[in-house]
Structures are given as C-alpha cells and as structure tokens.
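Topology and contacts: notes
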Amino acid sequence: MSRQLKTADVPRRRRPTDFAQAGSPFLQGRDDELGLIDRQLDRIDDGGSTVVVSGEPGIGKSALLDAARRRATDLGWRVLGMTGVAAEAHLPFAGLEQALRPLMARVEHLPPRQRAALLAAFGMRDDAAPPDMFLVALATLTLLTESATRKPILLVADDVQWLDQPTYDVLSFVARRLSSDPVILLAALRDGSNRSFGHAGAVRLRLSGLDETAAGQLLDAHAPDLPPELRRRYIAEASGNPLALLELPRSERAADAGDGPWLPLTERLERAFFGRASELPDATRSLLGIAAENDATSLHEILRAGDVLLGEPTGIEMLTPAISAKLIEVDGTEIKFRHPLIRSAIHQATDLVIRQKIHAALAAIIQDQPDRRVWHRAAATVVPDDELAAEHDRMAARAQRRGSVITAISALESAARLSSTAKARRHRYLQAAELAADLGQPELVERLLREVGADGQGQVAAARIGWIREMSQPPTINDPATIPALVEFAEQARLAGAKDLALNLLWRAGQHCWWSDASGAVRAGIFEAARRLETCATDSRQIAIAAYVGPLERGNDVYTKLRELSEKRTGDPAVARMLGSTANVIGAFHLGASFLGDSSAALREQGRLSDLARVLFAQAWAEMEIGDWMGAMREAEESVRFAEETGGTLWIAAATVVKAKLAGMQGDFEQSEIYATQAERLVLSVGASFLLALLQVARGVSAIGAGRHLEAYDHLRRLFDPVDPAFNSGVQFFGLADFVEAAASCGKGRAAHAVIEDIERRTAAAPVPWVAIMLAYGKALLAEPDDAEPIFHHGLGLAKEWPFLRGRLLLAYGGWLRRQRRAADARAPLRAARDIFDALGASPWSERARAELRASGESSGRRTEPIWERLTPQELQIAQLASEGLSNKEIGARLYLSHRTVGYHLHRIFPKLGITSRAGLHNALARRSGPAD
C-alpha cells in the first residue's frame, strides 16, 4: 500500500543533468549505482529511505555522494551534510551540528524538552539537565521531518566511520524512522571499519572495483603515455580502484614503480600523497601539517596557527602550491583535503615533536572554544600537569551536561594521565570507570580499572571497584558464587561508613539470589547484613532486598510497605522502577503496574530508552497478570522495539516471553510457540535462568489452553526440579496455579500436593493475595468433593483484581457444581467466567465455559471478536493515544516516531476499524467483546 504522503511544491521528475555527465572520473562505470540512487529520489512520494554506500578507500564513495547532492539540488530538494573526520571524533555532536546548522532557525518550534535537549547537546545552553541521547535524536528527527514538509531532504553522511559517537548514535536512530517521511539518508562507510551502520531495511550498495576495460579507459584518459608493461602493472595493482589509477602514475616515477617490497594499496597511496607533499615549500608543508592536526576546517585558524608555529606572518598564497598539487581545496573560508588519505599521509609522516608544536600553536589561537583548546593543549603535553588535568575535569563535566558520556570518559582518562599524584590518577580512572559502567561497557570498565591498580586502595575504594564491576555486567549472570564477594564488599563499605554503597551492593546481591537461586543460608546472610545497616525501613533498596531474598517468606511484609508507598507518588523513575519490580517479584502485580507506569512515563519523557525497555517488560508482565492484555502486548512490543535499538538482548527475550504467554492464553498456539522459540534462543545466549523459568510458565499455560495437560505438566515441573536449568525457587510460584491444574488433569495429584505444601510452608500464615488465590485454586482442584466449595468461595473472595485467575476459579467452580448435579447453581459462575474470558480474549477458556454451560442446560453463542483485535499492538497504541485527543506530533514524541509515521499508521487503522476519521476512534475502541446471542 502506498504511504499517504505527498510532497507539495516539489518539481516533478525530470533529468536536467544526467548523473554520468558530472565529469568525475570516479563515476566512470557506475551507471547501475547512480541509477539506484536516482530511483530512491524518484520514489520520495512513497516515503524516505536509508542508503548505505560502502567500499575501500578511493573506490568512489564520496563522488557518488556528490553526484547525489547535485541531483537532489537540481530537483529542488534541501541538501544537508556531515563528514566524519578522525581529528574531530572527540568533539561531541560535531557532525550533527554541521548537518543541522541550516535548520537551526526552526529549533524554536520544537517541543520544549526536545528543544532543550538539542541546544544542550550543541553547548548552546547549560541550564537544563543532561540530555539523553535518544531525546536529542528525537529532536533531530522532528526537526528533519518538520522541515521536509516544505521540500524533501537529502541528508548526506560521508565517512561515517569517523563521526563522533553521539552523532553516530543519533544518525542510527533517525535511519530507522524515515520510511514515511520525504527524507533520504545517504551514508558512506569505509570497508574494514569497526562500525556497522544501517538497520535491516536499509538499502545497501557496496562499490567494487572497476572492471578491466573501465579501469584501462580511466588510466588511458589520465596517463596516456604509459609503456604497455607499466600500464598492465598499474591496472593489476590498482584492482579497479579509481583513486589508485589516478594517483599512482602521477606520484610514482616509472623507474621506481616496480621497486621495493609489496605494500597494501592504502599504504601505497598514502606514500604517494606524502611524496607529492614532500616536494612542496617548507611553509606550505607546515600549513598542511596544521590542517591535518586541526579538528576544524577554518582557513583563518590554520593561518593564525601558522603565524605562531613559524614565527612569522603567513598568507593564503603559501597554500597555492598544495592547491596546484591537488592535495587540498580552499572553499571560501574553509580548507579541505581532497581525500582523507592525504590527511592521513601527512599526519603519519609528521614528526612527533612537530605535531606537539602544531597542537601547541592551535591551543594558543583557539580562545572561545574551551574543549578544543584543552584537547590541543593535552596533545602538546607529555609531562604531568595538574592545572591541565583540572581543565579536563571541567571538560568532562561539560560533556556530561551535553549528554556525551563517552566524551566525558575520554576527558577523564586524559585528566588521569596528566595527574601528578597516584591518588588523583586513581580517583579519575574510577570516575571514568563508573561512567563506563553506566554505559554497560564491561571491557572498557576493566581497562580503566586496570589503570587504577591495587596499591593504596582503602576499604571504600575496593568496595567501589566491586560495585563498578558488578554494574558493568549484564544483569543475567547465573552465578551464585558472586554473591559472597558482593556481601563482603558491602561489609567493607559499612565498616568505612559508606552505608549507601553498602546498601547498593546488598541490593545487587539480593537480585543475584532471585536470578540464580541461591541457598537459604546465603539469602538469610544478605537480609541480616542489610538489617545491620540500620537504614530507613522504607528505603526502596531495603524493601527490594527483602523481596529478592525471600519473595514468599517476606512477601507479606514487603506487600504492606509497598501499599503504604503506593499512596505517596515518587518522582524518581529509578525508585519507581525498583518498587515496581519489587512488587512483581512478590506477586503484587496491581502495585507493580502502577509504580512501573509512573517510571515508564518519566523515562519516556527523559528519552532514556535503554531503561525504558527494561521497565516496559516488567510493566507488561504486571498488566498481563491483572488482566490488561491489550496494554501488556502493547508494552511488550514496545519493549522489544526499544531493546533492539539499545542492544538489550535480555529485555528482547523477556518481552518475547510475555508475548508467548499472551498468545497462548488468547488461543494462538502456533504464534505462542514461535515467540517461545525465539525467546528460548535469546535466553540461552545470555544465560538468564529466571527467564527460562518464566518461559516454562508461558509454555505451560499455552499447553493448558490447547488441552494438552501432560505437555503442560512436563514444561511446568521443570520449575520445581532442582537439577533442571529452569529451576528457580524465587520464580517457581509464578506457575503454581498452572502446575496444579496440569498435574490434577493428568493424574499427578501427589506432585501437586507436594508443591502446595512447600509454597504454604514458605509463605507462613500470610501470603500476598495473588499467591493466596493460586493456593486456593490449587487446593480446590485437589480437594475432596465435600471440602471443595468453601475453598472456591475463599479464592473468589480474594480474586477481584485478578480477572484471569478469577475466571478460572469460576470455570472450575461451575464445572464442580455441575458434576455435583447442581446444574442450575453452576450457570451463574459459568456465565461470569465466559464473560471474563470473552473480555480478555482468552478464547480457549471462553470455549470451555460455553461447553460447560451447554452441559448444564444453557446455550451460549459464539464470542464476537472486538473490533480492536484487528490492530497490531503498535496500531492499537497509536489509536488509543489518538482517541485521547493527542495530535500526531504528540503521539510521535511519545512513541519516538515521526509524526508522518503516526499519520501513516492512522490511515491503516481507520479502515480496519470501519471508521473514516479520528472522531470514530473512541467508540470503536470502546466496543468490548461478548456472547453473540
């Protein structure tokens, strides 16, 4: 289906300038590649795209991008561009600022938080909280797509491998969201880079070498008088690389062409360029050296630094020889190397002492850009300098305010190297390691901690290192052996008076208990250690520790504290996340959904998508258990989307487990198993045993829905088998009701009784309501006929907030009444069960309720599918937000999509719901399912 998108005021397709007429030798033989770019431009009315061009140095990537620029300009497009430069990689958002400069007048029209984030990222305001990268990325997307409503945009990113990391991250975000907007992102990436760019839907274009005929034609056109033997040699050695075909004959003397050892083509080209530069006047070479080391392209800066370096005035005429030698171009007030290999060649051939003098000269003339000045000063310094180290501390703080943590880490590393004392050096490396841990980069953390060393560490420093190491690891390590070390670090911190650090360490130790099924003695030790800290009883970490080390044993006490805290809204999303996850751990899902909803709303507003992916999984599980299956699937889908974007494999797996369980409960058994298989593959790859346990619950309930009770029993008994990888005493009670039903249905009553007795023993006299309901359900299924009815009544009295469990209790109670020859009494609970299951969309249980009703003498029509079930989870989310009155722009900001993408989805939603405008959304979504009779 064509996207509902038209671009007014755009000239219709014409060919004022054929690509091939551009005259660049690098475009010779590139008709297919040029045609592909042209087709992308032609299809802009159907939406945007991302095109990634790759190839070796000199293959013609930049020439292809330049041709696309000219073509887009001829068509009346707005062309924006950025070019990665290795010397600028330390400047956060340098590439992004370069590209967005022509659009900055429109920044004032951005939503306030997006505007503040973008301006903070560019260092244009420092009165706001440090922006998250994803909020900067959303601001960029909004600015691009809003501007593209006037004329289409071609955004060109050359040498992506050298872009600063924040710009690269923003560009990756934008690339995934252009399918509905008149924006084309054209990116070029060098082969062999340690970066990969572009999402699965990107168009990929790898440039290979010219064929022998085209290579010969290019060589003959630019070096027509070569001897045949030398001509053959150049064609063979160039391997179709246009730059090599142009430069090797120009730079190598014929007599020397075959001399010396064989060198890789890139190195040989660099030598050729430097050979040409070495023949230039001394002053020209000095200015080229400055240009190669500078992290800007300002001609004025280069000439002023030349004055300092040479001790005499310099002028633009000194660059004329380099221009004539085709090494550089001067474009107005900027100087540019004609190819990155020229810059690289000059940098590598410049003596270290000369490079330091160049950096000192640049530092001397840069006055209004403190980060650049400090960076050049450091590059000119080889001895400790505490004043300069302090400047780097301030540089790191500025980088954090701009939202560039990786730049802050680099600045702190430089500060550490410049420190004159071991104490200052250790402190700065520890600061850098803490930031790296927040980024989730354990390899970087270990490298930084190795610099800290072991000498001179106090108890607090050792505990702090333990905490940093722990937080840098993915939260999935199934290794109870790590717990004693964390407890020991916590004790060291407590003795040194660092109670906050100690509590953090014990909280993490408690989480390990839940993840990896630690022994009872270990759990008790953690709880006792936390008690000794004598911190506030309502500290979220103290509550979480109690839940993680004893979800059943201490669940009721935790439940009481969570209920008290739920009445006082916390404004901290991290605290809300911790309390919500804690509620889930003990089975207080109604409280968990509330806390996690607060956390996800705040994280969404702040643009913290990595944390949001984790919270959305937990929120989805809570909503699933309290009967909001629409919300649960919506949250699970969004969790997967954000986790894929942020590299959160664990949360992709976790959210996919939720999707598997939901699909099984709704009767889509084939899709449930597809999700389960996907989740299992991911779970095994990250070693998350607690998710393996939750996966058995999902598979078990799906098998029960399909009527395969023995299969369900086989899945669910794994939770209770100590030698099974899915065994987890902290999670196993999540599958209690399902296990008992499966066991009772296939003659395994003894095993079911044993599990119930164990859960009752561990919960003491006061289980939380959800556990109490499951115990009642299990006991009622196993009870003797004379004992069952009061147990059913007890469970139903508790189950008002748990519709699926309540429906199952009603179904089991109605079936029991019918079997006791009380058919008339059975009909009311069976009708109630049917209506609950219809509302949830739990079709297998709906059909069972109908079958029981028929057996009791009452007919019941088929369930009518709610109209909203025709929508995908993302469509449903957009429809719900639109029905609440949010505009496309507001919905896009909420979901991190462009407003045109939202509009595209709405145009698909309307016909599915049988409506023609937003006005009909509220009524369409309000239609609930029910019996057709």
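Before reading further, recall that the structure is shown in the block above.
Everything numeric in this text was worked out from a predicted model, so none of it was measured. (Residues numbered from 1 in each chain as written. Predicted model: local features only at pLDDT ≥ 70, side-chain atom pairs only at ≥ 80, totals over all residues. Heavy atoms only, no water.)

Structural notes on the sheet that holds strand E2 (residues 78-83)
So the rule is basically this: Strand pairing follows a simple DSSP-based rule, namely that at least 2 bridges must link the two strands. Here a helix means four or more residues in a row that DSSP labels H or I, a strand means two or more in a row labelled E, and each is numbered from the N terminus. Note on geometry: axes are lines fitted to C-alpha atoms, helical ones only across the stretch in contact, with angles between N-to-C directions running from 0 to 180 degrees. Residues are treated as being in contact if the distance between any of their heavy atoms lies within 4.5 Å.
The strand order across the open sheet built from 5 strands is E2-E3-E4-E1-E5, with neighbouring strands paired in parallel fashion. One side of each edge strand has no neighbouring strand; the edge strands of this open sheet are E2 and strand E5 (203-206). Between one strand axis and the next, the sheet turns through 15° on average, direction left out of account. Packing against the sheet, helix H2 (residues 61-74) makes contact with strand E1 (49-55), E2, strand E3 (153-158), strand E4 (183-190) and E5, and its axis sits at approximately 165° to E3.

Notes on the packing of aromatic side chains
To describe a pair of aromatic rings, you give the distance between the ring centres and the angle between the ring planes. Quick reminder of the rule: A pair of aromatic rings is counted whenever rings of Phe, Tyr or Trp (Trp by its six-membered ring) have centres within 6.5 Å, and the orientation is called stacked for planes under 30 degrees apart, edge-to-face for over 60 and tilted otherwise. Residue burial is assigned from relative accessible area. The probe radius is 1.4 Å, only protein chains are included, and a residue is buried under 20% of its type maximum, exposed over 50%, and partly exposed in between. Remark: a charge is flagged as sitting over a ring if the NZ atom of Lys or the CZ atom of Arg is within 6 Å of the ring centre and within 35 degrees of the ring normal.
The tally for this structure, following the rule as stated, stands at 24 aromatic pairs. Ring geometry for Tyr-813 versus Trp-816: centroids 6.3 Å apart, planes at 20°, classification stacked. With Tyr-813 and Trp-816 both in helix H39 (residues 803-819) and 3 residues apart, the pair spans about one turn of that helix. Both residues of the pair, Tyr-813 and Trp-816, count as buried. An aromatic cluster is defined as three or more aromatic residues linked by ring pairs; in this entry it consists of Phe-589, Trp-621, Phe-733, Phe-734, Trp-770 and Trp-802. Between the NZ or CZ atom of Arg-177 and the centre of the ring of Phe-173, over which it lies, the distance is 3.7 Å. The ring of Tyr-168 is capped by Arg-195, whose NZ or CZ atom sits 4.2 Å from the centre of that ring.

A word on the side chain of Glu-638
Convention followed: Polar contacts, as counted here, are pairs of nitrogen or oxygen atoms within 3.5 Å of one another; within protein the pair requires one atom able to donate a hydrogen and one able to accept it, and residues that are adjacent in sequence qualify only if both atoms are side-chain atoms.
Structurally, Glu-638 is set in helix H30 (residues 629-646). A polar contact of 3.1 Å, which involves the side chain of Glu-638, links it to the side chain of Gln-877. When sequence neighbours within four positions are dropped, the list of residues in contact with Glu-638 reads Arg-604, Leu-616, Gln-877 and Leu-895.

What to know about the nonpolar core
Inclusion rule: Grouping buried Ala, Val, Leu, Ile, Met, Phe, Trp, Tyr and Cys residues that are joined through side-chain atoms within 4.5 Å yields what is termed a nonpolar core.
Core analysis: the biggest nonpolar cluster contains 191 residues, and Leu-118, Phe-197 and Leu-691 have the highest contact counts within it. Counting residues per element, this core draws most heavily on helix H31 (residues 649-665), at 12 residues. Core analysis: the next-biggest nonpolar cluster, separate from the first, contains 71 residues, Ala-72, Ile-184, Leu-265 and Leu-303 among them.

Some remarks on unusual backbone geometry
With a phi close to 60°, Phe-93 is a non-glycine residue in the positive phi region. In this structure, Phe-93 sits in the loop between E2 and helix H3 (94-100). Classification of Phe-93 by relative accessible area gives buried; the value is 1%. At Glu-534, a residue that is not glycine, the phi angle is positive and equals roughly 55°.

Description of the pairing of E1
Note on strand geometry: in a regular strand, side chains alternate between the two faces of the sheet. Counting buried positions along E1 gives 7 out of 7 residues, so the element sits mostly inside the fold. The side-chain alternation of E1 yields two buried faces, one formed by Ser-49, Val-51, Val-53 and Gly-55 and the other by Thr-50, Val-52 and Ser-54. The sheet contact formed by E1 and E4 spans 7 bridges and is parallel. Across the sheet, Gly-55 pairs through a bridge with Arg-190, a residue of E4. Where E1 lies against E5, 4 bridges are found, and the strand directions are parallel. In the strand pairing of E5, Val-51 is matched with Val-203.

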